[in-house]
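Reading the structure
Residues per chain are reported as follows:
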Amino acid sequence: MKLSKNELLKVARVFAQRLKETGVKVKSIIVGGSVLRDDFVSGFSDIDVYVFVSHSEIDSNFFINLRGVLEDIEKEFRVNLRPDVFFVEDLPVLLNRRVGVNDLIEKRLVIFGKDILNGVNHGDLISVARRTIAFDEEVIRRMLYLSPFDKNSLKRAIKICISVAKVCLFFKGKYLLDKRDIIREFKQAFPEFSKHFSTLDKAYELRVKFSSLCMNEREIRDFILSVYEFLKDVKLHFRVNQVL
């Protein structure tokens, strides 16, 4: 079932309200991602929700309560809601490590608590890019020999492919959110990666058509292999050698 933007935001607000009703102390709950960019793809995209808490105000029960609320929401609304939990004390470090947190600087909707990102600038985006490239290359590499070649692996590979193109643009001083813009700008900025342009185009096409896809294991394997070749070349090009 395809939900409108307002319906997706309603799901996020119900999640925030029910989490609050458990009695947990939350500083802020913020919606980001494809819901706000208006490129949410039913059957592929998740509702990205960022939950900010304080080290001193929660215990391990918080995560059990969160899990219960999340399971109820997904059963009731039949949509994937993906909450990331961060500690407000870690925000300066997160801005130097996580793409998603930096995305919130560009576009966000606070649905509970205060806007803890008001007046906050991006972190060191080159550090973010290098860490993302290193981490995602390792993820794809491990997928090739540990993960089944199924739609879950395909979904992750699609996300990684476009995400890496996005962070490559950080080296050019560009921060883009729209996936079509990312692919177009990547092609213009990095002609040296032209042999991988078809992989990027394929990732975008698979994302849009994901819910109706019918791919066998070999086809999924071949796509993941092409993503790995892309990431390997990116890692070499930018001399990324972090060990995570």
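Our subject is the structure listed above.
None of these values were measured; they are calculated from a predicted model.

Glancing now at the sheet that holds strand 1 (residues 28–32). Paired through their backbone hydrogen bonds, the strands of a sheet run either parallel or antiparallel. Read from one edge to the other, the open sheet built from four strands follows the order 3-2-1-4, with strand pairing classed as mixed. The sheet is open, and its two edges are formed by strand 3 (81–87) and strand 4 (109–113), each paired on a single side. The mean inter-strand angle of the sheet, taken between neighbouring strand axes irrespective of direction, is 20°. Here strand 1 runs beside strand 4; their pairing, made up of four bridges, is antiparallel. Note on strand 4: the bridge partner recorded for S28 is G113.

Here the focus is the nonpolar core. One recurring pattern in soluble globular proteins: nonpolar side chains tend to sit buried together. One finds I140, I158 and F186 to be the most contacted residues of the largest nonpolar core, which totals 46 residues. Looking at this core, the elements with two or more residues in it are helix 6 (125–146), helix 7 (151–168), helix 8 (179–189), helix 9 (197–208) and helix 10 (217–237). In terms of residue count, the dominant contributor to this core is helix 7 (ten residues). If we ignore the near neighbours within four places in the chain, the residues touching I140 are A157, I160, I224, V227, Y228 and L231. Counting 30 residues, the second-largest nonpolar core is a separate cluster that includes V11, F40, V51 and L70.

With that settled, the discussion passes to the pairing of strand 1. Counted residue by residue, strand 1 has five buried out of five residues, so it is predominantly covered. Side chains S28, I30 and G32 project from strand 1 onto one buried face, and the interleaved I29 and V31 project onto a second face that is buried too. Of the pairings in the sheet, the one linking strand 1 to strand 2 (residues 47–53) comprises five bridges and is antiparallel in character. Residue pairing across strands places V31 opposite V49, the latter belonging to strand 2.

This brings us to the side chain of D178. The residue D178 is located in the loop between helix 7 and helix 8 in this model. Separated by 3.0 Å, the side chain of D178 and the backbone nitrogen of R180 make a polar contact. Within the local environment of D178, its side chain forms a polar contact with the backbone nitrogen of D181, the two atoms lying 3.0 Å apart.

The next subject is helix 5 (residues 99–106). Counting buried residues along helix 5, seven of its eight residues qualify, which places the element largely inside the surrounding structure. Within helix 5, the full set of buried residues consists of V99, G100, V101, N102, D103, L104 and I105. Residues of helix 5 that are buried make contact with strand 1, strand 2, strand 3, helix 4 (91–94), helix 6 and helix 7.

Taken N-terminus to C-terminus, the directions of helix 8 and helix 9 make an angle of 175°; their axes are 11 Å apart at the nearest point. Between helix 8 and helix 9, the crossing angle belongs to the class labelled roughly antiparallel. Where helix 8 abuts helix 9, its residues K179, R180, I183, F186 and K187 lie against F197, L200, D201, Y204 and R207. Of the residues belonging to the contact of helix 8 with helix 9, the class tally is five nonpolar, no polar and five charged.

The next thing to look at is helix 9. Taking 1.5 Å of rise per residue, the twelve residues of helix 9 would be expected to cover 16 Å, and the 17 Å separating its terminal C-alpha atoms lies within 8% of that figure. Those residues of helix 9 that sit buried are F197, T199, L200, A203, L206 and R207.

Tallying each qualifying case throughout the model produces 24 salt bridges. Put simply, E76 and R18 hold a salt bridge, and the shortest N to O gap is 2.8 Å. In this pair, E76 sits in helix 3 (residues 61–77) while R18 sits in helix 1 (residues 5–21), placing the two residues 58 residues apart along the sequence. On the accessibility criterion, E76 (45% relative accessible area) is partly exposed.

Look at D38: it is not a glycine, yet its phi comes out positive at around 65°. By the secondary structure assignment, D38 is in the loop between helix 2 (34–37) and strand 2. One non-glycine residue, R239, lies in positive phi territory at about 55°. As for its position among the elements, R239 is in the segment after helix 10. Classification of R239 by relative accessible area gives exposed; the value is 71%.

On to the environment of F63, then. Examined against the element boundaries, F63 turns out to sit in helix 3. A sequence separation of 140 residues divides F63 from A203, and the C-alpha atoms of the two residues are 33 Å apart. What F63 contacts, discounting residues up to four positions off in sequence, is I58 and V85.

The rules behind these values
Residues numbered from 1 in each chain as written. Predicted model: local features only at pLDDT ≥ 70, side-chain atom pairs only at ≥ 80, totals over all residues. Heavy atoms only, no water. Pairing = 2+ DSSP bridges. Helix = DSSP H or I, 4+ residues; strand = E, 2+ residues; numbered from the N terminus. Axes fitted to C-alpha atoms, helices over the stretch in contact; angles between N-to-C directions. Core = buried A, V, L, I, M, F, W, Y, C linked by side-chain atoms within 4.5 Å. Buried < 20%, exposed > 50% of the residue type's maximum accessible area, 1.4 Å probe, protein only. Contact = heavy atoms within 4.5 Å. Polar contact = N/O pair within 3.5 Å; in protein donor to acceptor, adjacent residues only side chain to side chain. Parallel < 35°, antiparallel > 145°, perpendicular 65-115°, else oblique. Nonpolar A, V, L, I, M, F, W, Y, C, P; charged D, E, K, R; others polar. Expected span 1.5 Å × (residues − 1). Salt bridge = Lys/Arg side-chain N within 4 Å of Asp/Glu carboxyl O.

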